[in-house]
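Spelled out, the chains give:
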Amino acid sequence: MAELSYRDAVAYAIAQEMRRDPNLVMLGEDIAAAGGVFKTTVGLLDEFGPDRVRDTPISEQAILGAAMGAAMTGVPVIAEIMFSDFIAVCFDMLANEIAKSRYMTDGQVSFPMVVRTANGGGSRFGAQHSQSVENWCMMIPGLKVVAPSTPEDVVGLLAASIRDPDPVVFLEHKSLMASKAEIPDGELVDQLGKAKVVREGSDATIAALALMVPRALEAAERLANDGISVEVIDVRTLVPLDTRALLTSVSKTGRFFTVEENPRLCGWGAELVSIIDEEVFWDLDGPSIRITTPHIPLPAAAALEDMAVPSVDRIYETVLKSVDTGSRS
Amino acid sequence: MPTDPRYDYALREPRLPSPVDTSLAEADIDKGTRLGMYRKLQELRQFEKRAYDLFMQNLVKGTSHLSLGMEAIAAGFGTAMRPDDYTFATYRGHAHSLARGMEMGPAMAELLGRENGVLGGKGGSMHLTDAKRGMMGSYAIIGAHLCIANGAAWSAQMRGTDQVAVAFFGDGTTNIGAFHEALNMASIWNLPVVFVCENNLYMEYTPIDAITAVDNPAADRAGAYGLDSILIDGNDPDAVFLTARDVIAKARRGDGPSLVEAVTYRSGGHSRADPGKYRPEAEIEAWKGRDPIPMYHDRLLSMGTPEGELSSIEREVAQAVDAATEFAKAGAEPGESALMTDVWADGGSQWRN
């Protein structure tokens, strides 16, 4: 067991995989000598050299294009897009080229590649460096989408993403970078498409992702003091989606909440709610409720950003009010 | 209707072709290579003429973008490339696919949306791909595939295979950001990639010189990326072949990328929907006189090739196109079983359990 920060877990996973596969390469802005602007790639240049750890110009289309062309000709690649907001400048690559080319060519080509990017708010960076873009990626057939909440999951899920033969968008949360946890020794490889029940409960299910997972857990702890037993599910991967874990939990608890950092419209939770309604509606004791950032660009000021993104208080109060109302009806 | 040539492009001064460089008959290209190029020219021309006829019969749905008049570029490069080199083409990619050896039957069947199409009907005219022949795809969003070609070239460089990637694109592509990102990256990484601008003088419906800061949209930008300015006659297969041979050899020996601007003209409009009326009549007429195929036919005759040898190539190709048409027409419509396959590498499309 070793204690590892979420930030160090990224380089730890990449090093584990680059040692395993001598063909694996990575590219991105400031990832080599600088170790990445979030210090997630520190040490990789020293160990693996400049041919395998490549700095690029500020050219997001060229970065993803190079990754795609290398992947389709047999070289597995990790590409870093510094902030997930910048996916917007290379969205053609992601949405039109990388995601669709396997289907369009009747399976002639494959894309063993990972697009890593720093996602989410809490850093007071304002509307263009704080977005949660899970839903941008989730809505495109052909992309897998992963968003870990713990250092151990960063290692295990990043390794699984690298070994996956399909393109994976791997969202690293900026506000979790400093969080630390013990991780087991030895090679760590997890599985995509597996949600994790991180707290068991019987009265309500909360599905959360990345930074919202620790907040949901803290809210659940407070709700326990009010006699409400909450099950918290860390969704972990949006595509493939572990609907079985969600359906099983909701059938047991009868209440469903999502905690989403993205702005309201078309957030990932909306898809989950729709699946729950279609498949276990008669097990529900009340309406499913989405706790999201309002449908606004994220403001920069700390006070405003904290009002926007779902907080422990907001999760606590929303669940308390809803479950209370339900029990009185 | 505007009558100002700034807005009514058909009133502009015609851009006329350069005269044929007759000295190319003396170029160091062996007869077999030249006859091979003539066969490719015939294949590309006859295939696309048939494709056009099939649109008219409503057997080809959707859109399609023909290279009629521009075949010398695909034929010249296709001849100079090694079988394991990589081609990246645009939505105007029929010619480049055939020039790399894609079989005509499955290509035609793809245009007809049939199960026996090269992509099983899932890609269509704008996405022809034949990865096992190095035809790594036709990309329908301007600019992207230059960046992707870099990746294939980077991969070849890392694997030490001395393969070369060639990306073909139109003049319109030179004004999108991805073009500039790709050229810069290719140059700084010394990638074995060749960028070939097929300047047919029109970005879709607009003259390229009306919307570009420089006269030669690719060649005049080369210097910005530390590359030589290479401007060639894209309607002369020998000129194209000689340049292709040089720039591919340069890339193969590790001396980095090249940007080639090949000036040409499309006989028809941008796509199926476009009659091409924005072009001055005199310009269209002048370029008809520079059609690469009769010119090359005459050059081969003047070099002593018997007429019978050329006409038998033409006849063989016509038979192949007929056979491809029959193959395509005989294909079934794709079945439902194909719909949900090959989103993922496991062959399926499952996104949940």
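Draft legend 1. Structural view of the overall build of chain B. Across its full length, chain B holds eleven helices and eight strands. Taken over C-alpha atoms, the radius of gyration comes to 20 Å for chain B, in line with the 20 Å a tight globule of 353 residues would show. Counting every position in chain B, which comprises 353 residues, the buried fraction comes to 52%. Within chain B, counting contacts between residues at least 6 apart in sequence, those at least 24 apart form 76% of the total.

Draft legend 2. Quick look at the overall build of chain A. From N to C terminus, chain A includes twelve helices and 14 strands. In summary, chain A has a C-alpha radius of gyration of 20 Å against a globular reference of 20 Å for 329 residues, a match within 12%. With the principal axes as the frame, chain A shows a C-alpha extent of 65 × 40 × 40 Å. For chain A, the share of sequence-separated contacts (at least 6 apart) that also reach a separation of at least 24 residues comes to 80%.

Draft legend 3. Quick peek at unusual backbone geometry. Here the amide bond leading from Val 239 of chain A into Pro 240 of chain A is cis, since omega sits at -5°, within 30 degrees of zero. Locating Pro 240 of chain A in the fold gives a position in the loop between β12 (237–239) and α9 (243–253). The phi angle at Asp 106 of chain A is positive, at roughly 60°, despite the residue not being glycine. Along the chain, the position of Asp 106 of chain A falls in the loop between α5 (101–104) and β5 (113–119). Since 21 C-beta atoms lie within 10 Å of it, Asp 106 of chain A is described here as buried. In this structure, Asn 190 of chain B takes a positive phi of about 50° despite not being glycine.

Draft legend 4. View of the sheet that holds strand β11 (residues 230–234) of chain A. Residue and element names in this part refer to chain A. Judged by pairing direction, the sheet is mixed, and its five strands sit side by side in the order β9-β11-β10-β13-β14 without closing on themselves. Looking at strand neighbours, the two that pair on one side only are β9 (196–199) and β14 (289–293), the edges of this open sheet. Averaged over all pairs of adjacent strands, the angle between strand axes in this sheet comes to 25°, irrespective of strand direction. Note: strand β10 (residues 204–208) against β11, five bridges, orientation parallel. Each residue of the ladder has a partner; that of Ala 208, found in β11, is Asp 234. Sheet contacts for helix α10 (residues 268–280): β10, β13 (256–263) and β14; angle to β13, the most-contacted strand, approximately 155°.

Draft legend 5. Focus on the packing of helix α3 (residues 60–72) of chain A against helix α5 (residues 144–159) of chain B. Close contact between α3 of chain A and α5 of chain B brings their axes to 6 Å; oriented N to C, the two are set at 50°. Comparing their axes, α5 of chain B and α3 of chain A come out oblique. Here the hand of the crossing between α3 of chain A and α5 of chain B comes out right-handed. Here Gln 61, Ala 62, Gly 65, Ala 66, Ala 67, Met 68, Gly 69 and Ala 70 of chain A of α3 of chain A come into contact with α5 of chain B, specifically with Ala 144, Cys 147, Ile 148, Ala 149, Asn 150, Gly 151, Ala 152, Trp 154 and Ser 155 of chain B. Residue composition of the contact of α3 of chain A with α5 of chain B, by class: eleven nonpolar, six polar and no charged.

Draft legend 6. Just the sheet that holds strand β7 (residues 168–173) of chain A, in detail. Residue and element names in this part refer to chain A. One open sheet holds the seven strands; their spatial order is β3-β2-β4-β5-β7-β6-β12, and the pairing between them is mixed. Two strands lie at the open edges of the sheet, namely β3 (53–55) and β12, each paired on one side alone. Here the strands of the sheet are splayed against their neighbours by 20° on average, with no regard to which way each runs.

Draft legend 7. Geometry of the pairing of strand β3 (residues 165–170) of chain B. All names here are of chain B. Among the six residues that make up β3, six are buried, leaving the element largely enclosed by the rest of the structure. Both faces of β3 are covered, namely the face carrying Ala 165, Ala 167 and Phe 169 and the face carrying Val 166, Phe 168 and Gly 170. Relative to β3, strand β1 (residues 86–90) runs parallel, the two sharing three bridges. Opposite Phe 88, over in β3, you have Ala 167 as the bridge partner. For the crossover that starts at β3, traverses helix α6 (residues 177–188) and ends in the parallel strand β4 (residues 193–199), the hand is right-handed.

Draft legend 8. Geometry of helix α7 (residues 151–163) of chain A. Residue and element names in this part refer to chain A. For α7, which comprises 13 residues, the first-to-last C-alpha distance of 18 Å matches the rise-based estimate of 18 Å (1.5 Å per residue) to within 8%. The buried count for α7 comes to eleven of 13 residues, which makes it a mostly enclosed element. Taken together, the buried positions of α7 are Pro 151, Asp 153, Val 154, Val 155, Gly 156, Leu 157, Leu 158, Ala 159, Ala 160, Ser 161 and Ile 162.

Draft legend 9. How the structure looks around helix α1 (residues 6–20) of chain A. All names here are of chain A. For α1, which comprises 15 residues, the first-to-last C-alpha distance of 21 Å matches the rise-based estimate of 21 Å (1.5 Å per residue) to within 8%. Burial within α1 is extensive, with eleven of its 15 residues counted as buried. By the burial criterion, the buried members of α1 are Tyr 6, Arg 7, Asp 8, Ala 9, Val 10, Ala 11, Tyr 12, Ala 13, Ile 14, Glu 17 and Met 18.

Draft legend 10. Seen up close, the environment of Met 185 of chain B. Residue and element names in this part refer to chain B. Along the chain, the position of Met 185 falls in helix α6. Look at Met 185 and you get buried, because 28 C-beta atoms sit within 10 Å. Between the C-alpha atoms of Met 185 and Asp 21, which are 164 residues apart in sequence, the distance is 35 Å.

Draft legend 11. Region of the structure containing the interface of chain B and chain A. Facing 37 residues of chain B, the contacting portion of chain A comprises 42 residues. Looking at which element gives the most residues to the side of chain B that touches chain A, the answer is α5 of chain B, with eleven residues. Across the side of chain B that touches chain A, the residue classes break down as 19 nonpolar, 13 polar and five charged.

Draft legend 12. Local environment of the nonpolar core. Of all hydrophobic cores here, the largest spans 197 residues; its most connected members are Ala 67 of chain A together with Ala 165, Ala 167 and Val 196 of chain B. In this structure, Ala 165 of chain B is in contact with Tyr 86, Phe 88, Ala 149, Ala 152, Ala 153, Ala 156, Pro 192 and Val 193 of chain B, ignoring residues within four places of it in sequence. Counting residues in hydrophobic clusters, the runner-up holds six residues, among them Leu 201, Tyr 202, Ile 208 and Trp 287 of chain B.

Draft legend 13. Spatial organisation of the domain arrangement of chain A. Residues and elements named next belong to chain A. Splitting chain A by domain gives domain 1 (2–183) and domain 2 (196–328). Between the C-alpha centres of domain 1 and domain 2 the distance comes to 27 Å. Contacts between domain 1 and domain 2 engage 26 residues on the former and 22 residues on the latter. Elements supplying a minimum of two residues to the side of domain 1 that touches domain 2: α6 (134–138), β6 (144–146), α7 and β7.

Draft legend 14. How the structure looks around the environment of Thr 205 of chain A. Residues and elements named next belong to chain A. Mapped onto the elements, Thr 205 comes out in strand β10. Residue Thr 205 is classed as buried on the basis of its C-beta count, with 27 C-beta atoms lying within 10 Å. Separated by 63 residues in sequence, Thr 205 and Trp 268 have C-alpha atoms that sit 16 Å apart. Not counting residues up to four positions away in its chain, the partners in contact with Thr 205 are Glu 231, Ile 233, Ser 249, Val 250, Thr 253, Arg 255, Phe 256 and Phe 257.

Draft legend 15. Main features of the pairing of β11 of chain A. Residues and elements named next belong to chain A. Of all five residues in β11, five are buried; the element is thus mostly enclosed. Burial along β11 is two-sided: Val 230, Val 232 and Asp 234 facing one way and Glu 231 and Ile 233 facing the other are all buried. Both β9 and β11 contribute to a ladder of three bridges, which runs antiparallel. Paired with Lys 196 across the bridge in β11 is Asp 234. Handedness of the β-α-β unit built from β10, helix α8 (residues 212–225) and β11 comes out right-handed.

Rules used in this analysis
- Residues numbered from 1 in each chain as written.
- Chains lettered and ligands numbered in written order.
- Predicted model: local features only at pLDDT ≥ 70, side-chain atom pairs only at ≥ 80, totals over all residues.
- Helix = DSSP H or I, 4+ residues; strand = E, 2+ residues; numbered from the N terminus.
- Rg over C-alpha atoms; globule rule 2.2 N^0.38 Å.
- Buried ≥ 20, exposed ≤ 12 C-beta atoms within 10 Å, placed from the backbone.
- Contact = placed C-beta atoms within 7 Å.
- Pairing = 2+ DSSP bridges.
- Axes fitted to C-alpha atoms, helices over the stretch in contact; angles between N-to-C directions.
- Parallel < 35°, antiparallel > 145°, perpendicular 65-115°, else oblique.
- Left-handed = near helix turned anticlockwise from the far one by under 90°.
- Nonpolar A, V, L, I, M, F, W, Y, C, P; charged D, E, K, R; others polar.
- Right-handed = clockwise from strand over helix to strand, strands pointing away.
- Expected span 1.5 Å × (residues − 1).
- Core = buried A, V, L, I, M, F, W, Y, C linked by C-beta atoms within 7 Å.
- Domains from an automatic or database assignment.

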